[in-house]
Amino acid sequence: MATPPPPPADDAFRRRPRQPRGEQRVALLLDAAAAVIAEQGLEGATAEAIAQRARTAKGSLYQFFPNRDAVLAALALRYADEMRAIHEKAFPADPHALPLDRLIDRIITPLAAFHDRHPAFRRVFGAVEGPRDETRAAPARLRAQLFESFVDRLDVLFAARNPQLATRERRRAALVCATIGQSLLARRARLAAAERKLLLDDLRRVLLAYLGPMLEPAPPPPPRAPRRARPRPPAG
């Protein structure tokens, strides 16, 4: 069953922009927040630091967002929207159109590129210390929804590739693949470029070795030809 989309994040905004100029200012603030978080972590992403990076007054930030946590919630929603679009495009309409190795590559390559483009992603979606209200809980809630949605997509894909797989086995395989992929892609984001490529190659090999026996089972051996009866020697 597909995960329902998250509720609109209107509550993250003090005033949602209605004009292109306002939308540009919000985009600039979110870009600035992402840059500060990537460089300094969540602790350094204060309203003052975000406004300074955006080269605007702190009052401009407060025109649209009630506080720093609302900026993070809006940034999390932006990331979630992009991630959903990647999921939608990565999974092929025909599950049998590609061999398994190319299918795995089609799914994990754009996800790795997303992590490379957005170094702040793992921090925004990480745990937030302290008491949580709806705004502070938004990134964690979105992360859980994205993960469950991805597991659902893998489940459907595996069912189409091998209808003989038992439901529980198929779901478990989807959960294992999603967990391994999420963990390694998050770890990969902290490595140097050369190491990132090696880890991505390892992820491909791990998934292929794990999924191959389930989704590309070996064909049954051909039937053995019947043995011919040996002719009896003539009676002497």
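Heads up: the structure comes first, above all this text.
Throughout this document, residue positions are counted from 1 along each chain, in the order its sequence is written. For a predicted model such as this one, the threshold for reporting local features is a pLDDT of at least 70, and the threshold for listing and counting side-chain atom pairs is 80 or more; totals across whole chains, interfaces and linings nevertheless cover every residue. Hydrogen atoms and water are omitted, and side-chain values are computed over all heavy atoms in the structure.

(A) Region of the structure containing unusual backbone geometry. In this structure, R55 is a non-glycine residue whose phi angle is positive, near 55 degrees. Starting at the N terminus, helices and strands are each numbered in turn, a helix being any DSSP run of H or I of at least four residues and a strand any DSSP run of E of at least two. The topology assignment puts R55 in the loop between α2 (47-53) and α3 (58-64).

(B) Examining the environment of P163 more closely. Residue placement: P163 occurs in the loop between α7 (134-161) and α8 (167-188). Along the primary structure P163 and L215 are separated by 52 residues, whereas in three dimensions their C-alpha atoms are 9.3 Å apart.

(C) Representation of the packing of aromatic side chains. Aromatic contacts are taken between Phe, Tyr and Trp rings whose centres are within 6.5 Å, Trp giving its six-membered ring; a plane angle under 30 degrees counts as stacked, one over 60 as edge-to-face, and the others as tilted. A full pass over the atoms with the stated rule returns 5 aromatic pairs. For the pair Y79 and F121, a centre-to-centre distance of 5.7 Å together with 70 degrees between the ring planes defines the contact as edge-to-face. Residue Y79 is located in helix α4 (residues 68-90), and its partner F121 is located in helix α6 (residues 121-124); the two are separated by 42 residues in the primary sequence. Each member of the pair, Y79 as well as F121, carries the same accessibility label: buried. Residues F91 and F150 carry aromatic rings whose centres are separated by 5.8 Å and whose planes lie at 75 degrees to one another, so their mutual orientation is edge-to-face. With F91 in the loop between α4 and α5 (100-117) and F150 in helix α7, this pair connects stretches of sequence that are 59 residues apart. Each residue in the set Y79, F114, F121 and F125 is aromatic and connected to the rest through ring pairs, giving one cluster. For each residue, the accessible area found with a 1.4 Å probe, counting protein chains only, is set against the maximum for its type, and the residue is called buried under 20%, exposed over 50%, and partly exposed in between.

(D) Region of interest: the environment of A47. Along the chain, A47 turns up in helix α2. In this structure the C-alpha to C-alpha distance between A47 and A33, which are 14 residues apart in sequence, comes to 8.7 Å. With residues near it in sequence (within four places) discarded, A47 still touches K58, L61, Y62 and R68. Between two residues, a contact is recorded if the distance between any of their heavy atoms is within 4.5 Å.

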